[in-house]
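Take a look at the letters that make up each chain.
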Amino acid sequence: MNLRDFSFPVVERPVYADNGLADLIDPGNDNTFLKGDYKAIVREDKNQLISIVRQSYKVVPNEVLISQLTQQLDLVDTSYEIDPSHSFVENNRMRLQIRFPEILINDGESDIALSIYLHNSYNMSESVRIFFGAIRGICSNGMVFGKVLGQFYKKHTKGFQIGDLKKEISAVYDCLPKIENRIKQLDSRPVTDGIRENVQKELGKKVSQEVLDRSHQSQWALYNAITHLVSHVIQQRYRSRYQIAAAKVFGL
């Protein structure tokens, strides 16, 4: 995967408004600028407006973010790969999946490799985030383990610096039995009416109907049906929302 696609130049520019819009924002003010509270985020190489944000919003360039991440990953005592299956970049948002092929969980059917998902945006839709998760070997189902492994979270308005990611990933080794135990619990539990209601509530009627119309032997089977649908039908830009919702329903 070509990471140069993620590293386009972004600049901040002052925001102008025509007289009509300026009057609505600040009646009686002839200044054609918006108030100093706002600025424009622009993709410089194509001169494309990305968003209008407050001055307090601190831009974290994808290039800087990925550079910091790879520097930390190079210190980790295990191999890693950039996985394009759940990665994407647009002007306003990005998601980059890093897979660790040597850190594996097995549910009795397939190896599940640990992954991290790096998120960033230039339009305040989300902050810089790193979610721990996994990808299932036989079908490339993407998963997020928000509860059992937690997540890294920073707000743009407070700046950003990736900390000791090596320490975080090393700590995951101690959590692998916890994840496998949770999988065994889900594999031994039937799909109840309560689970069905929660799936519909968190994932919405359209997505949940696709999986709930079929019978599933266990909650783990239902969870895998959901992650398969999300990973192979849902567009890249929307997958994380459903992966996080599914993790919430099943306590992962």
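In what follows, the structure referred to is the one given above.
Residues numbered from 1 in each chain as written. Predicted model: local features only at pLDDT ≥ 70, side-chain atom pairs only at ≥ 80, totals over all residues. Heavy atoms only, no water.

## Quick look at helix 8 (residues 236-249)
Given 3.6 residues per helical turn, the α-helix brings residues three or four places apart onto the same face. Its 14 residues place the ends of helix 8 21 Å apart at the C-alpha level, agreeing with the 20 Å of an ideal helix rising 1.5 Å per residue. Count one or two residues on from helix 8 and you reach G251, which has phi positive near 65°. (Helix = DSSP H or I, 4+ residues; strand = E, 2+ residues; numbered from the N terminus. Expected span 1.5 Å × (residues − 1).)

## Thoughts on the pattern of salt bridges
Following the criterion strictly, the structure yields 11 salt bridges and no others. One salt bridge in this structure joins R43 and D45, with 2.9 Å as the shortest N-O distance. The exposure class assigned to R43 is buried, which follows from its relative accessible area of 12%. Here D45 falls in the partly exposed class, since its relative accessible area comes to 45%. Of the charged contacts, one joins E126 and R129 as a salt bridge, the two residues approaching to 2.5 Å between their closest N and O atoms. By relative accessible area, R129 is classed as buried at 18%. Within this structure, E81, D83 and R99 form a network of salt bridges that share partners. (Salt bridge = Lys/Arg side-chain N within 4 Å of Asp/Glu carboxyl O. Buried < 20%, exposed > 50% of the residue type's maximum accessible area, 1.4 Å probe, protein only.)

## Quick look at helix 6 (residues 205-212)
Those residues of helix 6 lying buried are V207, S208, V211 and L212. Relative to the axis of helix 6, the buried residues are bounded by an arc of 120° and lie together on one face. Pointing more than 90 degrees away from the buried face of helix 6 are the exposed residues K205 and K206. Summarising the contacts, the buried residues of helix 6 are in contact with helix 5 (193-203), helix 7 (219-232) and helix 8. (Arc of directions from axis to C-beta. Contact = heavy atoms within 4.5 Å.)

## Here we look at the pairing of strand 6 (residues 111-121)
With 10 of 11 residues buried, strand 6 is to be regarded as a mostly interior element. Pairing analysis gives 11 bridges linking strand 5 (residues 93-106) to strand 6, with the strands arranged antiparallel. Residue pairing for strand 6: I105 is matched across the bridge by I112. With eight bridges joining them, strand 6 and strand 7 (residues 129-136) adopt antiparallel strand pairing. (Pairing = 2+ DSSP bridges.)

## Section: the nonpolar core
Core analysis: the biggest nonpolar cluster contains 53 residues, and L69, I116, L222, I226 and F250 have the highest contact counts within it. Excluding residues that lie within four positions of it along the chain, I116 makes contacts with L69, L73, L96, Q97, I98, F100, I130, F131, F132 and L165. Within the second largest apolar cluster, seven residues are counted, among which are F8, I50, V53 and Y122. (Core = buried A, V, L, I, M, F, W, Y, C linked by side-chain atoms within 4.5 Å.)

## Some remarks on the sheet that holds strand 1 (residues 10-13)
Taken together, three strands build an open sheet; the order of strands is 1-2-3 and the sheet is antiparallel. Because the sheet does not close on itself, it has two edges, and the strands there are strand 1 and strand 3 (48-54). Taken pair by pair, the neighbouring strands of this sheet meet at an average axis angle of 30°, ignoring direction. Sheet topology note: the strand 1/strand 2 (residues 38-43) ladder contains four bridges and is antiparallel. In the strand pairing of strand 2, R13 is matched with A40. (Axes fitted to C-alpha atoms, helices over the stretch in contact; angles between N-to-C directions.)

## Looking at the pairing of strand 5
In terms of strand pairing, strand 4 (residues 81-89) meets strand 5 through five bridges, oriented antiparallel. By the bridge assignment, D83 is partnered in strand 5 with Q97. The hairpin formed by strand 4 and strand 5 contains three residues between the paired strands. Counted between consecutive antiparallel strands, the loop separating strand 5 from strand 6 contains four residues, among which G108 sits at a positive phi close to 95°.

## Description of unusual backbone geometry
In the Ramachandran plot, N47 falls in the positive-phi region, its phi being about 50° despite a non-glycine side chain. A positive phi angle is found at M124, which is not glycine, with a value near 70°. With respect to the helices, strands and loops of the structure, M124 is situated in the loop between strand 6 and strand 7.

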